[in-house]
Amino acid sequence: MTQVMHHVILFLSAFSCVFCNTDDIGISVTPSLDAGPINWKQTITITCTWTPGKFKFADILVGAESIFNHPVYADIVNLEDPEARLYFTQDPDVGTAELIIKDITKEDESQYTCSVSRIGPGGSVTLEVLEPPTAGVTGLTATPDFTSVHLTWEAVEGATNYNVAWRAAGTEAWTDVDVAGTEHTFEGLNVASDYEAKATASNPAGIRDGIEPAETTFTTKDNRPPHPVGGLNVHEADYNATTITLSWELQDNIDENRIITGITAAAVKEGAAEGDPAVVIDPQELGADATSVTFELPGAGDYVFTITTNNDFSAGVETSMTEIHTVKETTDPPTPEPTTPEPTKKPTTEPKKEPTTAAKEEPEVEIDIGDGGETIVCGDTRAIQPLPNTQAILKCTKHDDSAINPADIVWSFQAGDADAVEQTQIIASEIGEVANDDKSSILKIKNVDANSVGFWKCRHGDGDTREFCTYSVELTGAATGENSGTALVCSGTVILAALIASLLH
């Protein structure tokens, strides 16, 4: 129907309703207005009905203005486009007309009246639109307890509902609830855990586009006692040191986010004999992140060190770690009396070979065991007692008038009946290092321990397998439970007995 026809209808309806019954015109709205205002962004349909007849055409008045003359709606309606935001259609033969309004907003609020030519205005409805709140939640505050959190926020104008939610930090799923007020408490959380919370304001019209929820984070309280420290170690500078430093780590507490408010370090000197009173050294109160402490001890004796982690919930719970340490009476470790040396059989897998040519000069041997050395000649007997975990320096030294080149001297190592380990393997495995000066080939055993137990041999490297000297390195003390060293000797052979005294207990 053209715009001209609509104007004709309006003209006719102005002169046609003197004897007409306006009750013959019905009006309805979908969705129904009985439930209250229409929520925004919905599509509504206003329907007019009447008894059809000649020259009876419908119009819808918005306020007092025909929809065809309305300053906002007229251009849209006259497009007669079903996809437009407003679309008006009617069927005079049936007596029906419809006005469809899409994405309804507050601007569409008005009184809508059905008017039919030759009848006049009839039924009307007043359209109210409910829009979401124009602002989001502010002032979201979390007050955590051990296993719960209380959330509060400011009221939002136009909001009738608040959706509040929480989730564990770093997770995806939210646990939410709708409430009408401005506070809520969530239960069932874990202690000492990190969480996130959010809140949105809405009403039956929903949440306005572009408004983000209010968010906050919180950590529940920790009512767990701390773990004891880990990796407790005692460090001493000398054999009989009375200045003792202890160290430890707190990783177990860090991994579980357990709270430590302080650390107590204590030391007690035990009685030297039964009935002697113990000596208590003043304890030290340390910070929550401390990982070491130093004690000045009153003298030699057995000490028990205790490191205790503390917080408000550690009372009555074992959170201590202890370490026992002995301060020796003297600066030197115990030295046993040397025992009578016994012959040691030569390795059966590598017997000493007799030279096929003229015998070469036997070099002198200098043995340096950490604290100093002495020069001996092959065949002499010595009891060597090195400190544990020290270096052993073995030297094959030629006579002044010898033509041997020290660089041609090579070393080998044999443990029991095992195959001999040659110099290249000794160096590659980092057990020892070899160096030369103008008189000597020098072998440094880096660390005398179980890996260096066996026979160390030096020989000329021109193919002659005759050994100049053989050194036997044996572990005693902490390795075997004994506290003595043994010097072993064979003819033309120097044997090094490395004493590992019971210094490590």
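Quick caveat, the model's predicted, so the values are computed rather than measured. (Residues numbered from 1 in each chain as written. Predicted model: local features only at pLDDT ≥ 70, side-chain atom pairs only at ≥ 80, totals over all residues. Heavy atoms only, no water.)

## A closer look at the nonpolar core
Among the nonpolar cores identified, the biggest contains 29 residues, and Trp50, Ile67, Leu99 and Tyr112 are the most heavily contacted of them. Listed by contribution, the elements that provide at least two residues to this core are strand 3 (44–49), strand 4 (58–62), strand 6 (86–91), strand 7 (96–101), strand 8 (110–116) and strand 9 (120–127). If near-sequence neighbours (up to four positions away) are discounted, leucine 99 is found in contact with Ile44, Thr45, Ile46, Ile60, Ile67, Leu86, Tyr87, Phe88 and Tyr112. Of all hydrophobic cores here, the second largest spans 20 residues; its members include Val229, Trp248, Leu250 and Ala265. (Core = buried A, V, L, I, M, F, W, Y, C linked by side-chain atoms within 4.5 Å. Buried < 20%, exposed > 50% of the residue type's maximum accessible area, 1.4 Å probe, protein only. Helix = DSSP H or I, 4+ residues; strand = E, 2+ residues; numbered from the N terminus. Contact = heavy atoms within 4.5 Å.)

## Quick word on the state of the cysteines
Under the definition given, this model contains 1 disulfide. Note on cysteine connectivity: cysteine 48 is disulfide-linked to cysteine 114, with sulfurs 1.5 Å apart. Measuring the twist about the S-S bond at about -80 degrees, one finds the cysteine 48-cysteine 114 disulfide to be left-handed. On the criterion of sequence distance, the pair formed by cysteine 48 in strand 3 and cysteine 114 in strand 8 is long-range, its members being 66 residues apart. For the pair formed by cysteine 48 and cysteine 114, the shared burial category is buried. (Disulfide = S-S within 2.5 Å.)

## Some thoughts on the packing of aromatic side chains
Counted under the stated rule, the structure contains 8 aromatic pairs. An angle of 80 degrees between the planes, with centres 5.8 Å apart, marks the rings of phenylalanine 146 and phenylalanine 313 as edge-to-face. Placement of the pair is phenylalanine 146 in the loop between strand 11 (141–144) and strand 12 (149–152) and phenylalanine 313 in the loop between strand 23 (301–310) and strand 24 (320–327), with a sequence separation of 167 residues. Centroid distance tyrosine 195 to phenylalanine 218: 5.4 Å. Interplanar angle 20 degrees. Geometry classified as stacked. Placement of tyrosine 195 in strand 16 (residues 194–202) and of phenylalanine 218 in strand 17 (residues 214–219) is noted, with a sequence separation of 23 residues between them. For the residue pair tyrosine 195 and phenylalanine 218, the accessibility class agrees, reading buried in each case. Here the aromatic cluster, defined as three or more aromatic residues joined through ring pairs, consists of Trp166, Phe186, Tyr195 and Phe218. Between the NZ or CZ atom of lysine 41 and the centre of the ring of tryptophan 40, over which it lies, the distance is 4.8 Å. In this arrangement the basic side chain of lysine 221 is found over the ring face of phenylalanine 146, its NZ or CZ atom lying 5.8 Å from the centre. (Phe/Tyr/Trp six-rings, centres within 6.5 Å; stacked < 30°, edge-to-face > 60°. Lys NZ or Arg CZ within 6 Å of the ring centre and 35° of its normal.)

## Remarks on the side chain of serine 202
Counting through the fold element by element, serine 202 comes out in strand 16. Residue contacts for serine 202: discarding those within four places in its chain leaves Pro133, Ala159, Thr160, Asn161 and Ile207.

## Brief notes about the pattern of salt bridges
Tallied over the entire structure, the rule returns 8 salt bridges. Among the ionic pairs, glutamate 109 bridges to lysine 106, the shortest N-O distance being 3.1 Å. Between glutamate 131 and arginine 208 there is a salt bridge, and its shortest N-O distance comes to 3.1 Å. Separated by 77 residues along the polypeptide, glutamate 131 in the loop between strand 10 (129–130) and strand 11 and arginine 208 in the loop between strand 16 and strand 17 bring together distant segments of the chain. The exposure classification of glutamate 131 matches that of arginine 208, with both residues buried. (Salt bridge = Lys/Arg side-chain N within 4 Å of Asp/Glu carboxyl O.)

## A look at the sheet that holds strand 16
Backbone hydrogen bonds are what pair the strands of a sheet, in a parallel or an antiparallel way. Pairing within the open sheet is antiparallel, and its 4 strands lie in the order 14-13-16-17. Two strands lie at the open edges of the sheet, namely strand 14 (175–179) and strand 17, each paired on one side alone. Geometrically, the sheet is characterised by an average inter-axis angle of 20 degrees between neighbouring strands, direction not taken into account. Examined bridge by bridge, strand 13 (residues 161–168) and strand 16 share 8 bridges and lie antiparallel to one another. Considered in strand 16, the bridge of tyrosine 162 is made with alanine 201. (Pairing = 2+ DSSP bridges. Axes fitted to C-alpha atoms, helices over the stretch in contact; angles between N-to-C directions.)

## Topic: the environment of glycine 120
Secondary-structure assignment places glycine 120 in strand 9. Separated by 95 residues in the primary sequence, glycine 120 and isoleucine 25 have C-alpha atoms spaced 8.9 Å apart.

## A short note on the sheet that holds strand 22 (residues 292–296)
Strand order in the open sheet made by the 3 strands is 18-19-22, with antiparallel pairing throughout. Lying at the two open borders of the sheet, with one neighbouring strand each, are strand 18 (230–236) and strand 22. Within this sheet the neighbouring strands show an average axis-to-axis angle of 20 degrees, counted without direction. Where strand 19 (residues 243–249) meets strand 22, 5 bridges bridge the pair, whose relative direction is antiparallel. Note that in strand 22 the partner of leucine 246 across the bridge is valine 293.

## Quick look at the confidence of the model for the protein chain
A residue-level look at the protein chain finds 72% of positions with pLDDT of 70 or above and a mean pLDDT of 79. Across residues 351–383, where pLDDT falls below 50, the model places 89 contacts with residues more than four positions away in sequence or in other chains. Across residues 476–505, confidence stays below pLDDT 50; counting only partners more than four residues off in sequence or on other chains, it has 105 contacts. (pLDDT = per-residue confidence, 0-100.)

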